[in-house]
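Inside the fold
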Amino acid sequence: MAIYREKDIFERRNAANEAKKALLERFKAKPAADDPAVLAKQAERKAILEARAIREAEKARLKQEKLAREAAEKAEREAAAEAARIAAEEAAQAEAKIREAEENERISRLLSDEAERKAKRDARYAARKARVGRTPPGFSAR
């Protein structure tokens, strides 16, 4: 069985110093800015960024085209709906005019029938009074 032993201050200080040295060596080992490998990597990154920008521009263009197409389709649907609404409104107005004309004709018939019945009734009344021989005041036989 292994017993855990804590590191003393000297061991911790030596480990920190070694870590600092390793970090410094890694920094010193870094290639210079004019190194061909660094330049190649920069060119590769630039090409990737340019390709990404082209893809994003194409994506934005496609999105704009889609939005324009959808707006045109929506405008067509709204125009068709408006035309259908206007046609239905005109049909309803025409139907209302027909109903109104029929109602006016029916009323006219009723009024003429009523006038005819009244004329017949007045004629009968006048004939009856003529048979009796007297005409009431204010009434003239026709």
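Let us look at the structure shown here.

Parameters and conventions
Residues numbered from 1 in each chain as written. Predicted model: local features only at pLDDT ≥ 70, side-chain atom pairs only at ≥ 80, totals over all residues. Heavy atoms only, no water. Helix = DSSP H or I, 4+ residues; strand = E, 2+ residues; numbered from the N terminus. Rg over C-alpha atoms; globule rule 2.2 N^0.38 Å. Buried < 20%, exposed > 50% of the residue type's maximum accessible area, 1.4 Å probe, protein only. Areas by Shrake-Rupley, 256 points an atom, 1.4 Å probe, with all protein chains shown as cover. Lys, Arg positive; Asp, Glu negative; His and termini not counted. Charge placed at Lys NZ, Arg CZ, Asp CG, Glu CD. Expected span 1.5 Å × (residues − 1). Salt bridge = Lys/Arg side-chain N within 4 Å of Asp/Glu carboxyl O.

**Examining the overall build of the chain**
Across its full length, the chain holds 2 helices and 0 strands. In terms of C-alpha radius of gyration, the chain reaches 54 Å, well past the compact-globule figure of 14 Å for 142 residues. In terms of principal-axis extent, the alpha carbons of the chain reach across some 155 × 50 × 30 Å. The buried share of the chain, reckoned over its 142 residues, is 2%. With the model as given, the accessible surface of the chain reaches about 13,400 Å², and the carbon-plus-sulfur share is 58%. For the chain, the distance from the average site of its 36 positive side-chain charges to the average site of its 28 negative ones is 6 Å.

**Topic: helix α2 (residues 36–132)**
Compared with an ideal rise of 1.5 Å per residue, which puts 97 residues at 144 Å, α2 spans 141 Å between its outermost C-alpha atoms and is within 8% of the ideal. Of the residues making up α2, those classed as buried are Asp122, Ala126 and Lys129.

**Some points on the pattern of salt bridges**
One pass over the structure, following the stated rule, counts 11 salt bridges. The partner of lysine 120 in a salt bridge is glutamate 116, with the nearest N and O atoms 3.7 Å apart. In this pair, lysine 120 and glutamate 116 are both assigned in helix α2, 4 residues apart and thus about one turn of the helix distant. Here lysine 118 ties to aspartate 122 by a salt bridge, and the two come within 3.3 Å at their closest N and O atoms. With lysine 118 and aspartate 122 both in helix α2 and 4 residues apart, the pair spans about one turn of that helix. A relative accessible area of 43% means that lysine 118 is categorised as partly exposed. Among the charged side chains, a network of salt bridges with common partners joins Glu58, Arg61 and Glu65.

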